[in-house]
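# What the coordinates show
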Amino acid sequence: MPPIIDRNKCVACGFCAEICPVDCLYLDKAAKKLIVRYGDECWHCGACKQDCPKGAITMRYPLSHMMLSFPPDKEVAK
Amino acid sequence: MIKVRDKIECCDFLVVGGGMGGLEAAIAAASGGADVIVAEKHNTLRSGCGANGNDHFLCYIPEIHGEDMELVLREVGNTLDGGPWVDIDLTRVLLQHTKEVVDRWESYGINMRPTGKYVFEGHSLPGQQLYHLKFDGKKQKGCLTQAAKDAGARLMNHVLINEILVKDGRVAGAIGVDISEEEPEMVLFQCKAAILCAGMGLRLYPQQNPTYMFNLPGCPADVGSGHSMALRAGAKLVNIDIPNVHAGPKYFMRGGKGTWIGISSTIDGKPVTPYVTGKPSRATGDVTADVWPSVYLDKMLDGTGPVFMNCTELDDDDVEYMRWAFDCEGIGSIFEYFDQRGIDIQKEMIEFGVFNCTMNNVGVEINEKAESSLPGLYAAGNQVGNVRGNLAGAAVFGMLAGRSAAEYVKTVAHQSIEDIPLVEEKKALFSAIWDRVDGAHWKEPASTLQQIMNDYAPALKPRTENLFRVCIKYLADLKKLCYTELMAENSHEFMRCLEVLDQIDLGEAVAVTGRHRKESRGRHQRADYKFTDLTLNNKFMVVHKDGAGEYHMEYRPRHMR
């Protein structure tokens with residue numbers, strides 16, 4: 001579940017966990033590792049991605065949140 | 001045993017929730033000389049529905065709209081910031097103070113004129129007076145947080161408030177929990193006044209994808225705890241018997257429908273209302289989702305759906321403008337989704353759906369100073385029941401509350417709180433949840449609660465006496481089970497447990513008040529009382545609980561002037 005942490009960039013500063021509006025991220029201080037602890041509680045607001053000082057976070061939108069798109073049916077319009 | 005902080009946190013004015021209303025209240029009260037603490041469940045930099053931004057600020061500016069504010073007031077009444085469930089006198093107070101707040105926000109560094117001048121767009125009927133100031137709210141929480149610090153307010157992040165303590169008929173303090181570490185810590189607050197700014201009541205009803213409880217139009221942290229605390233403290237709530245519904249994209253639920261530049265259309269691309277035909281404009285978009293949010297369900301049920309947001313007539317400039325506006329609004333995730341999944345909104349329409357009841361703009365009854373019926377208790381924002389204005393409403397009434405509280409706290413003394421029985425009761429409850437080794441994870445009752453509310457106090461289906469009766473019984477059963485079975489392994493889960501208990505209280509109040517309204521009105525459709533009782537026109541139902549836990553309902557006239 002989102003967000004996705006790039007381990008090569010993340011320095012485990014914990015700022016994303018500090019500001020997450022739903023507290024779904026967790027900084028394991030002992031292991032110095034940022035964990036997506038409650039991914040199913042993510043709101044997909046993207047605050048973590050926007051505020052990450054290292055650009056280490058990307059958002060993935062789960063298939064449960066699929067958007068439904070459909071082209072206007074011109075045949076029906078006729 | 002639950003850990004309890006030795007020190008009682010003391011202040012004049014306690015702000016519960018560091019959103020728009022809470023931070024404005026903190027700034028105003030601290031500027032007025034009050035000692036202020038802001039208790040925020042997460043972090044004021046990115047908490048609540050305004051976490052990532054907003055882009056429409058309801059605003060009356062005389063040099064733009066003319067000297068006659070009543071014309072704007074009338075237009076507000078026709079659209080989403082008005083409607084039949086607001087007091088007109090409070091809406092007037094709101095409009096009178098909006099420009100002042102816009103100026104304050106500019107002074108905090110919030111970009112209220114991203115194009116260099118005041119631009120009004122969205123949420124309005126074509127050809128009518130536009131009154132939503134288009135601004136860039138991406139940095140709003142950071143700016144407001146800094147302004148609150150500069151004013152001298154003390155910010156306590158990762159501290160939730162669970163109870164308002166009342167003594168001798170007025171606010172004396174609060175019970176909170178510090179969730180910043182793995183083990184929760186109970187914290188007592190002593191204060192002379194408090195403001196509830198805890199937002200709307202999401203997660204009480206299931207949404208389009210119940211499996212993912214946090215797939216929501218607003219911030220999932222806003223669960224109606226402020227409504228519940230006010231109710232338990234004895235303050236009056238208003239209009240919670242009337243369900244509100246909202247609309248937005250399926251199945252990625254996100255608010256901000258006014259920022260879409262598109263037309264609500266059927267499968268053939270034709271508009272479902274006459275408001276906009278041809279190419280939608282940046283100025284007005286399509287107000288259909290505001291004024292008829294249930295259209296997306298209504299037309300599914302009558303066989304003429306689904307209904308889509310149709311942006312296929314937009315040119316490239318408009319699409320880029322919309323992308324920018326979504327970022328300002330804090331819903332840039334939607335465009336990121338389009339990019340990742342290759343959705344071209346110039347070729348495909350996006351289906352919209354109805355959002356089930358969010359308990360938004362129903363709740364605490366306030367007056368022109370944002371005071372509730374309980375002395376020393378204020379409220380602002382989405383948890384207020386008799387005035388709207390959304391973002392602007394939160395900011396204006398937060399500011400007015402802060403000013404009023406700064407004066408009020410000079411007139412009353414602190415009261416001791418340790419001897420208030422609720423303190424020991426809560427300590428016992430917290431300890432029971434925290435000490436339990438085997439038991440119920442919070443999601444168990446949370447999902448049952450949503451099912452009960454949707455089945456027996458529904459917002460989108462008919463309601464009946466029998467449904468309400470069983471609802472009240474089932475919720476009492478669920479609450480009892482929670483008291484004996486809830487458990488938490490860390491402070492995060494502990495927070496969720498307390499949220500569920502708050503939600504059960506709010507759900508009970510919804511059922512009790514819905515049962516009391518023996519007529520059909522708005523989304524409160526009674527299968528057993530199909531008529532609309534005309535003697536209840538322009539009357540609001542007010543509810544409060546007494547010290548014995550009994551509900552008292554009364555109808556009072558809507559303030560029409």
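Just so it is clear, the structure is predicted and the values come from calculations on it, not from any experiment. (Residues numbered from 1 in each chain as written. Chains lettered and ligands numbered in written order. Predicted model: local features only at pLDDT ≥ 70, side-chain atom pairs only at ≥ 80, totals over all residues.)

### Here we look at the overall build of chain A
The number of helices and strands found in chain A is 3 helices and 5 strands. The secondary structure elements of chain A, listed N-terminal to C-terminal, are β-α-β-β-α-β-β-α. Taking 12 Å as the expected radius of gyration for a compact globule of 78 residues, we find that chain A reaches 17 Å, considerably beyond that expectation. Each principal axis of the C-alpha distribution contributes one length, and for chain A these read about 65 × 20 × 20 Å. Buried residues in chain A amount to 35% of all 78 residues. The long-range fraction of contacts in chain A, counting pairs at least 24 apart against all pairs at least 6 apart in sequence, stands at 55%. (Helix = DSSP H or I, 4+ residues; strand = E, 2+ residues; numbered from the N terminus. Rg over C-alpha atoms; globule rule 2.2 N^0.38 Å. Buried ≥ 20, exposed ≤ 12 C-beta atoms within 10 Å, placed from the backbone. Contact = placed C-beta atoms within 7 Å.)

### What to know about the overall build of chain B
Each helix and strand in chain B was counted, giving 15 helices and 20 strands. The C-alpha atoms of chain B give 23 Å as radius of gyration, which agrees with the globular expectation for 561 residues (24 Å, within 12%). Along the three orthogonal principal directions, the C-alpha set of chain B runs to about 65 × 50 × 50 Å. A burial count over chain B gives 57% of its 561 residues as buried.

### What to know about the interface of chain A and chain B
Size of an interface: often given as the accessible area lost when the parts come together. Contact with chain A, which involves 29 residues of that partner, is made by 41 residues of chain B. Of all the elements in the fold, those that place two or more residues in the side of chain A that touches chain B are α1 (15-19), β5 (69-70) and α3 (74-77) of chain A. Its residues assigned to classes, the side of chain A that touches chain B shows 19 nonpolar, 5 polar and 5 charged. (Nonpolar A, V, L, I, M, F, W, Y, C, P; charged D, E, K, R; others polar.)

### Remarks on the domain arrangement of chain B
Taken domain by domain, chain B comprises domain 1 (55-136), domain 2 (245-358) and domain 3 (421-530). Relative to domain 3 of chain B, the C-alpha centre of domain 2 of chain B lies at a distance of 33 Å. (Domains from an automatic or database assignment.)

### As for the packing of helix α3 (residues 69-78) of chain B against helix α4 (residues 88-108) of chain B
Residues and elements named next belong to chain B. It is the contact of α3 with α4, at a shortest axis distance of 10 Å, that shows an interaxial angle of 120 degrees. With respect to α4, the element α3 is oriented oblique. Crossing of α3 over α4 shows right-handed handedness. Between α3 and α4, the contacting residues are Met 69, Val 72, Leu 73 and Val 76 on the first element and Thr 91, Arg 92 and Leu 95 on the second. Taken together, the residues of the contact of α3 with α4 sort by class into 5 nonpolar, 1 polar and 1 charged. (Axes fitted to C-alpha atoms, helices over the stretch in contact; angles between N-to-C directions. Parallel < 35°, antiparallel > 145°, perpendicular 65-115°, else oblique. Left-handed = near helix turned anticlockwise from the far one by under 90°.)

### With respect to unusual backbone geometry
All names here are of chain B. With an omega of -15 degrees, the peptide bond running from Lys 250 to Tyr 251 counts as cis. Mapped onto the secondary structure, Tyr 251 falls in the loop between β13 (246-249) and β14 (263-265). The omega torsion of the bond from Gly 305 to Pro 306 falls at -5 degrees, within 30 degrees of zero and hence cis. Phi is positive for Asn 538, close to 55 degrees, though the residue is something other than glycine. When you line up the elements, Asn 538 lands in the loop between α15 (491-516) and β19 (539-545).

### A short note on the sheet that holds β19 of chain B
Residue and element names in this part refer to chain B. Across the sheet, which stays open at both edges, the 4 strands sit in the order β17-β12-β19-β20 with antiparallel pairing between neighbours. Lying at the two open borders of the sheet, with one neighbouring strand each, are β17 (363-364) and β20 (551-557). Bridge analysis of β19 against β20 gives 7 bridges, and the strand direction is antiparallel. Each bridged residue has a counterpart across the sheet, and for His 544 the counterpart in β20 is His 552. (Pairing = 2+ DSSP bridges.)

### Things to note about the pairing of strand β8 (residues 159-167) of chain B
Residues and elements named next belong to chain B. β8 sits mainly inside the fold: 8 of its 9 residues count as buried. Judged from the 8 bridges that link them, β8 and strand β9 (residues 170-178) form a sheet pairing that is antiparallel. The partner of Leu 160 across the bridge, within β9, is Val 177. In sequence, β8 turns back onto β9 through a hairpin of 2 residues, with Asp 168 there showing a positive phi of about 50 degrees.

### Notes on the nonpolar core
By size, the foremost hydrophobic cluster in this structure holds 196 residues, and its most contacted members are Phe 13, Val 15 and Ile 195 of chain B. Setting aside chain neighbours within four positions, we find Ile 195 of chain B in contact with Val 15, Val 16, Gly 22, Ala 25, Tyr 378, Ala 379, Ala 380, Ala 401 and Ala 405 of chain B. (Core = buried A, V, L, I, M, F, W, Y, C linked by C-beta atoms within 7 Å.)

### Here we look at helix α11 (residues 390-408) of chain B
Three- or four-residue spacings in an α-helix give side chains the same orientation, since the helix completes a turn every 3.6 residues. With 19 residues, α11 of chain B extends 26 Å between its outermost C-alpha atoms, agreeing within 8% with the 27 Å of an ideal straight helix rising 1.5 Å per residue. Most of α11 of chain B sits inside the fold, with 17 of its 19 residues counted as buried. (Expected span 1.5 Å × (residues − 1).)

### Observations concerning helix α14 (residues 465-485) of chain B
Relative to the 30 Å expected for 21 residues at 1.5 Å per residue, α14 of chain B spans 30 Å between its end C-alpha atoms, a close match to the ideal helical length. Lining the buried residues of α14 of chain B we find α13 (443-456) and α15 of chain B.

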